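Summary of structural features
For reference, the chains in residue letters:
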Amino acid sequence: MTNHAPALSDSLVAAAHVLADVENGRSMTEAITHIPSELRPSTQALAFYAMRHWGLAKGLTGLLVQRAPPNAVVSALLGLSLVLLEAALQAAKGASMPGTPLYAVHTLVDQSVAATQTQRDLMSYQGMVNAVLRRFQRERDQLLAKLSTNLEARYNHPSWWVHRLRRAYPDQWQSILDVANTPPPLTLRVNRRRATVASAVDALTKQGLTCTLLDDFGLIVDQPRAITSLAGYQEGWWSVQDAGAQLAARLLDVKDGMRVLDACAAPGGKAAHLLELAAIELTAIDVDGARLERVQHNLKRLGLSTPALHLKAADASKTNTWWDKKPFDAILADVPCTASGIVRRHPDIRWLRQEKDIDRMAKLQREILNQLWQTLAPGGKLLLVTCSVFPQEGELLAAEFATQHEDAVRLPAPGQLLPVIRTVDNIQTDHDGFFYALFSRNA
């Protein structure tokens, strides 16, 4: 039986549903799970592209539609179609970015209009969608000129986000925003208990793929594919993990026999790396029981589920509910944050967050750190990790913690890693945004 690619109109309307869900506060990861499996790959590609250009989508829609339609899916379809049409018009002039879904202009307009005919509650908007897209073609230059001073349309981030980055990083803020709008690489961390980097690269090469080596553990697959189709997936030879995140476990320098805590452990990448590095007794907790099941699944695939592993659904800020009063030799505190450093992997985050979330998350981070510190043995180490680029969740948080705990000694660690894209001369710089602060506890 031959598998046929779904019609573009079906993918467009499915992506519009996902985008409408994001506008209503649902994460894109969750929204996509409700899309039929045969539509999911194409829907995800379209939705991810739209989220990376949603500021432009909203700006254009605001100029072209006097009154927003009451149907949220139609509004999302218009925004999606407009940024895809802009990409198509740029490509027609010989300018396009890698990873951009490209279609012929006439095909895109035709299929966007056809998308309104796939569902009964969309049918009455056929003429509107057609008129808006054709008007954009006619007035493109004037419309884009009007948006040239619109921060959201220009940088495809909320304006408050742009202002925050400009204040925090006067010299790098534009680079941070540019990286966030670029699709990330597929980065793997080899499980040294089951494979070597050389054997993993050899297997991937036999699949016709090329890889860029990062270090003794990491590599980038230069032609991204579905994870489960890559050689070594079922055998547990590797995990998917950004190069910046791969630093965490190594910074703790765990040794055989140590009693280690991974707080806020889901989805389990850092817990797996800790178990790969040494024969430790690991307690991994997460407040979300469903996500903890994912940790268990990942560790089982990697061959790391051992009697010395303890998974607990628990709140890290309430140690009285899960701690057995035996101190830990090392603690990995990958605390909840705004995730502002990983928006190129999760482009919906920027549109789901509100400015007040920064202070709210920083308050929770302080609570968790203060509780976890009491569980650390004298002479032990605690590693603070956030996948954020906002200083309130990074250096300001770490500095405040150090001043409030006289027995805390700050050790060398990378501090703030800003998201960057690798270059030919320096291949080890392609990573997301993370913050690292390492502390030891005086005896």
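Right, let's walk through the structure included here. If you're wondering where the values come from, they're calculated on a predicted model, not measured in any experiment. Residue numbers run consecutively from 1 along every chain, following the written order of its sequence. Since the coordinates come from a predicted model, pLDDT governs what is reported: local features require at least 70, and pairs of side-chain atoms require 80 or more to be given and counted, while whole-chain, interface and lining totals use all residues. Side-chain figures throughout are based on the complete set of non-hydrogen atoms in the structure, without hydrogens or water.

**Points about the overall build of the protein**
Each helix and strand counted, the protein has 17 helices and 11 strands in total. The atom set for the radius of gyration is the C-alpha atoms, and the globule formula is 2.2 Å times the number of residues raised to the power 0.38. The globule rule puts the C-alpha radius of gyration for 443 residues at 22 Å, and the 23 Å found for the protein is close to it. Projected onto the principal axes, the alpha-carbon positions of the protein cover approximately 70 × 50 × 45 Å. Within the protein, the proportion of its 443 residues that are buried is 52%. Here, residues are in contact when the closest pair of their heavy atoms is within 4.5 Å. Counting contacts in the protein only where the partners sit at least 6 residues apart, residues at least 24 apart contribute 73% of the total. Methods summary: accessible areas were calculated by the Shrake-Rupley approach with a probe of 1.4 Å, and residue burial reflects only the protein chains presented. Within the structure as shown, the protein displays about 20,000 Å² of accessible surface, and the carbon and sulfur contribution to it stands at 51%. In this count, Lys and Arg are taken as positive residues and Asp and Glu as negative ones, while His and the chain termini are left out. Positions of charges follow a simple convention, taking NZ of Lys, CZ of Arg, CG of Asp or CD of Glu. Between the mean site of the 46 positive side-chain charges and the mean site of the 44 negative ones, the protein shows a separation of 2 Å. Working definition: helices are DSSP H or I runs of at least four residues, strands are E runs of at least two. Numbering for both runs from the N terminus. In this scheme, a residue with accessible area under 20% of its type's maximum is buried, one over 50% is exposed, and one in between is partly exposed, where area comes from a 1.4 Å probe on protein chains only.

**As for the packing of helix 1 (residues 8–23) against helix 5 (residues 72–92)**
Interaxial angles span 0 to 180 degrees and are taken between N-to-C directions of axes, which are lines fitted to C-alpha atoms, for helices over the stretch in contact. Between helix 1 and helix 5, the shortest axis-to-axis distance is 8 Å and the interhelical angle comes to 115°. In terms of orientation, helix 1 and helix 5 fall into the roughly perpendicular class. Crossing of helix 1 against helix 5: the hand is right-handed. Two secondary-structure elements touch here, helix 1 through L12, A15, A16, H17, L19 and A20 and helix 5 through A72, V73, A76, L77, L80 and L84. The residue classification treats Ala, Val, Leu, Ile, Met, Phe, Trp, Tyr, Cys and Pro as nonpolar and Asp, Glu, Lys and Arg as charged. All others, Gly included, are polar. Residues of the contact of helix 1 with helix 5, tallied by class, amount to 11 nonpolar, one polar and no charged. Here the word oblique covers every angle except those under 35 degrees (roughly parallel), over 145 (roughly antiparallel) and from 65 to 115 (roughly perpendicular). For a crossing to be left-handed, the near helix must be turned anticlockwise from the far one by less than a right angle; the clockwise case is right-handed.

**Side note on the sheet that holds strand 1 (residues 186–190)**
Any two strands between which DSSP finds at least two bridges are classified as paired. In spatial order, the strands read 2-3-1-4; together these four strands make up an open sheet with antiparallel pairing. The outermost strands of the open sheet, each flanked by one partner alone, are strand 2 (211–213) and strand 4 (238–240). Across the sheet, the axes of successive neighbouring strands diverge by a mean angle of 30°, strand direction being ignored. Examined bridge by bridge, strand 1 and strand 3 (residues 218–221) share four bridges and lie antiparallel to one another. Residue pairing for strand 3: L188 is matched across the bridge by L219. Against the sheet, helix 11 (residues 197–206) touches strand 1, strand 2 and strand 3, its axis set at about 10° to strand 3. Sitting on the sheet, helix 13 (residues 269–277) is in contact with strand 1 and strand 4, with an inclination near 30° to strand 1.

**Remarks on helix 17 (residues 395–404)**
Among all positions of helix 17, only L397, A398 and F401 are buried. The arc that holds the buried residues of helix 17, viewed along the axis, is 95°, so those residues lie on one side. Exposed and facing more than 90 degrees away from the buried side of helix 17 are L396 and T403. Looking at the buried residues of helix 17, the elements they touch are helix 16 (356–373), strand 9 (376–386), strand 10 (408–417) and strand 11 (434–441). Of all possible arcs, the one meant is that of the directions from the helix axis to the C-beta atoms.

**A closer look at the nonpolar core**
In this structure, L12, L19, M28, W54, L80, L85 and F136 are the most contacted members of the largest nonpolar core, which totals 55 residues. When residues of this core are traced back to their parent elements, those giving at least two are helix 1, helix 2 (28–32), helix 3 (40–52), helix 4 (54–64), helix 5, helix 6 (105–115) and helix 7 (126–146). In terms of residue count, helix 5 provides more of this core than any other element does, 13 residues in total. The contact partners of L85, leaving out residues within four places of it in the chain, are V105, L108, V109, L133, F136 and Q137. Among buried residues, those of type Ala, Val, Leu, Ile, Met, Phe, Trp, Tyr and Cys that are joined through side-chain atoms within 4.5 Å constitute a nonpolar core.

**A look at the environment of K363**
For K363, the location among the structural elements is in helix 16. Between the alpha carbons of K363 and L397 there is a distance of 9.3 Å; along the sequence they are 34 residues apart. Only 2.8 Å separates the side chain of K363 from the side chain of E367, close enough to count as a polar contact. Any pair of N or O atoms that falls within 3.5 Å is considered a polar contact. Within protein, one atom must be able to donate a hydrogen and the other to accept it, and sequence-neighbouring residues count only if both atoms are side-chain atoms.

**Examining the packing of aromatic side chains**
Only Phe, Tyr and Trp rings are paired, with Trp represented by its six-membered ring, and only when their centres lie within 6.5 Å; those with planes under 30 degrees apart are stacked, over 60 edge-to-face, the remainder tilted. Here the structure, examined in full by the defined rule, presents eight aromatic pairs. Residues W160 and W161 carry aromatic rings whose centres are separated by 5.5 Å and whose planes lie at 45° to one another, so their mutual orientation is tilted. Here W160 falls in the buried class, since its relative accessible area comes to 16%. A relative accessible area of 1% means that W161 is categorised as buried. Note on F434 and Y436: the rings are 6.2 Å apart at their centroids and 20° apart in plane angle, and the pair reads as stacked. Judged by relative accessible area, which is 0%, Y436 ranks as buried.

**Quick notes on the sheet that holds strand 8 (residues 328–334)**
Spatial strand order, 7-6-5-8-9-11-10: seven strands in an open sheet with mixed pairing. One side of each edge strand has no neighbouring strand; the edge strands of this open sheet are strand 7 (309–313) and strand 10. Strand-to-strand twist in this sheet, taken as the mean axis angle between neighbours without regard to direction, amounts to 15°. In this fold helix 14 (residues 289–301) packs onto strand 6 (281–286) and strand 7, with an angle of close to 160° to the strand it touches most, strand 7. This element, helix 16, spans strand 5 (259–263), strand 8, strand 9, strand 10 and strand 11 of the sheet and lies at about 160° to strand 9.

It is worth stressing that arrangement in space is one thing and function is another; only the former is reported here.
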